[in-house]
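Working through the structure, step by step
In case you want the letters, here they are:
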Amino acid sequence: MLLARLLGAAIGGGSLDLVTADGRRRRLGPAGVPALTLRLHDPGVERDLLVNPRLRFGEAYMDGRLSIEGGTIYDMLSLLMTDSTVQGALGRVLETLSPALRRLQQHNPMQRSRRNVEHHYDLSRQFYELFLDRDMQYSCAYFADPAMTLDEAQEAKKRHIAAKLLLVPGMRVLDIGCGWGGMALYLARTTGARVTGITLSSEQLAVARERAEAAGLSDRVTFELRDYRELAASNTERFDRIVSVGMFEHVGVPHYRTFFDAVRSLLTEEGVALLHAIGRLDGPGATNPWIRKYIFPGGYSPALSEVLPVIESSGLLSTDVEILRLHYAETLRHWRSRFEARRDEALALYDERFCRMWEFYLAGAELSFRTQGHMVFQIQLARSLGAVPLVRDYMVRAERDLALASPSPARSARSTESAV
């Protein structure tokens with residue numbers, strides 16, 4: 001059975017019982033240990049998995065054409081994702097062609113970028129509220145303490161970034177890819193900065209503006225439906241600080257020079273920028289085809305070797321680089337647990353296929369950080385050598401001061417409960 005041979009090569013440990021549509025059962029892995037069961041419900045699934053498992057496995061799970069017994073989709077992917085080289089026949093061909101295909105897959109002109117963003121980020125606010133923290137941070141949290149709750153870790157992430165931005169009251173800040181506005185509102189509230197947030201999602205824009213109004217910060221925070229390229233082309237504004245969190249993954253390698261040229265042109269001479277994005281520890285690669293089709297069309301998480309040379313050629317200076325390794329794995333673990341706990345509510349908003357798609361996405365994404373070389377990088381950038389202090393101590397001090405001045409909402413809530 002060819003499929004058994006393919007799956008057997010992917011199993012790094014444990015055992016799997018494969019049951020085909022005609023009822024044949026095959027044990028993959030050692031006998032005498034508990035095994036998950038992968039049950040195929042129609043003959044076409046076997047063919048699809050042989051041809052292109054990286055795309056078709058997720059599709060078959062979404063469509064209910066295969067099911068897992070004795071565990072969850074996370075358990076199954078954990079078993080199978082130890083060897084990322086298992087491609088299938090078409091997958092091997094596409095891997096060979098990958099360098100040529102990447103330019104086409106990551107071609108993200110403004111109109112296409114907007115469509116790609118709408119595909120994922122224009123889902124309803126109610127859906128994202130099911131599993132995100134109270135500030136709706138849809139990016140890697142910062143677990144300064146492993147015991148942190150998700151709310152605490154997301155608050156710590158905002159402090160960590162703010163500390164690297166060296167903000168003082170009155171500075172003008174640009175937030176590229178501002179999401180639902182949480183980072184912009186945090187910076188304005190805690191540092192006295194004046195923040196402009198830009199997004200390509202009309203749904204996120206509406207929520208961000210509503211939140212600014214409710215927080216009484218509309219005089220210091222504005223949100224616009226705008227592409228960073230449009231803003232740079234207008235050549236009318238300069239910012240003391242620029243921050244971008246979880247947006248760079250949607251830029252695409254062919255557009256990196258345009259992105260960093262835009263950052264440089266939008267920064268003042270003594271300005272500082274902070275880029276926070278998903279990357280790869282093991283060198284350049286290609287976006288998983290299922291992720292590219294169903295979750296992040298046009299998306300790609302780069303290796304630093306693809307980013308730093310472009311920064312150098314743009315005239316910007318890399319003044320600090322930090323690698324966050326398993327922080328996103330822990331963030332996704334929290335999201336996955338929260339989604340599972342409120343799955344019925346997600347089902348009421350969408351349908352079963354949608355819920356299975358998100359189960360597959362959250363499980364696979366978490367494991368990509370645990371087993372397949374994904375990480376998060378933060379790069380601090382400047383136009384001038386003297387824009388930041390000579391040593392990094394200022395980051396620690398600023399982070400500590402922000403924590404004292406603005407305690408985590410989750411900790412505050414627990415303190416209030418204890419007092420009662």
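In what follows, the accompanying structure is described.

Conventions and cut-offs
- Residues numbered from 1 in each chain as written.
- Predicted model: local features only at pLDDT ≥ 70, side-chain atom pairs only at ≥ 80, totals over all residues.
- Heavy atoms only, no water.
- Salt bridge = Lys/Arg side-chain N within 4 Å of Asp/Glu carboxyl O.
- Helix = DSSP H or I, 4+ residues; strand = E, 2+ residues; numbered from the N terminus.
- Buried < 20%, exposed > 50% of the residue type's maximum accessible area, 1.4 Å probe, protein only.
- Core = buried A, V, L, I, M, F, W, Y, C linked by side-chain atoms within 4.5 Å.
- Contact = heavy atoms within 4.5 Å.
- Pairing = 2+ DSSP bridges.
- Axes fitted to C-alpha atoms, helices over the stretch in contact; angles between N-to-C directions.
- Polar contact = N/O pair within 3.5 Å; in protein donor to acceptor, adjacent residues only side chain to side chain.

Quick look at the pattern of salt bridges
- Evaluation of the coordinates by the stated rule reveals 35 salt bridges.
- Residues arginine 125 and glutamate 129 are paired through a salt bridge, measuring 2.9 Å at the closest nitrogen-oxygen approach. On the criterion of helical spacing, the pair formed by arginine 125 and glutamate 129 is a turn pair, its members being 4 residues apart in helix H7 (residues 125-129).
- Linking arginine 336 and glutamate 340 is a salt bridge whose minimum nitrogen-to-oxygen distance equals 3.7 Å. Taken together, the residues arginine 336 and glutamate 340, both in helix H15 (residues 327-341) and 4 residues apart, mark about one turn of the helix.
- Among the residues examined, arginine 336 registers a relative accessible area of 14% and is labelled buried.

With respect to the nonpolar core
- Within the largest apolar cluster, 72 residues are counted, with the highest numbers of intra-cluster contacts made by Tyr138 and Trp358.
- At 11 residues, the largest contribution of residues to this core is made by helix H17 (residues 352-371).
- Not counting the four nearest positions on each side in its chain, tyrosine 138 is found in contact with His120, Tyr121, Tyr128, Phe131, Leu132, Trp180, Phe296, Tyr328, Trp335, Trp358 and Tyr361.
- Leu266, Leu275, Tyr300 and Val307 belong to the second-largest nonpolar core, a separate cluster that totals 31 residues.

Overview of helix H9 (residues 182-191)
- The buried fraction of H9 is high, at 8 of 10 residues.
- Those residues of H9 lying buried are Gly182, Met183, Ala184, Leu185, Tyr186, Leu187, Ala188 and Thr191.

Looking at the pairing of strand E1 (residues 15-19)
- Taken across its 5 residues, E1 has 5 buried, putting it largely inside the fold.
- The two faces of E1 match: Ser15, Asp17 and Val19 on one face and Leu16 and Leu18 on the other face are all buried.
- In this structure, E1 lies alongside strand E2 (residues 25-28), joined through 4 bridges in antiparallel fashion. Across the sheet, aspartate 17 pairs through a bridge with arginine 27, a residue of E2.
- Here E1 hands over to E2 after 5 residues, with glycine 23 in that stretch at a positive phi of 90°.

Focus on the sheet that holds E1
- The mixed open sheet is built from 4 strands, whose spatial order is E2-E1-E3-E4. In this open sheet, the two edge strands, each paired with only one partner strand, are E2 and strand E4 (66-69). The average angle at which neighbouring strand axes cross in this sheet is 20°, direction not considered.

As for the sheet that holds strand E10 (residues 317-324)
- Spatially, the 7 strands line up as an open sheet ordered E7-E6-E5-E8-E9-E11-E10, and their pairing is mixed. Of all the strands in the sheet, just strand E7 (221-225) and E10 have a single pairing partner and so form its edges. The sheet shows a mean angle of 15° between the axes of neighbouring strands, taken without regard to direction.
- Helix-sheet contacts for helix H12 (residues 256-266) involve strand E5 (172-176), strand E8 (239-245), strand E9 (267-280) and strand E11 (374-382), and the interaxial angle to E9 is about 150°.

Quick notes on the side chain of glutamate 306
- Within the secondary structure, glutamate 306 is located in helix H14 (residues 304-314).
- Side-chain polar atoms of glutamate 306 contact the side chain of tyrosine 300, separated by 2.7 Å.

Here we look at unusual backbone geometry
- For methionine 136, which is not glycine, the phi torsion reads 55° and is therefore positive.
- Mapped onto the elements of the fold, methionine 136 is located in the loop between H7 and helix H8 (150-165).
- One non-glycine residue, leucine 166, adopts positive backbone phi at about 50°.
- Tracing the sequence through the fold places leucine 166 in the loop between H8 and E5.

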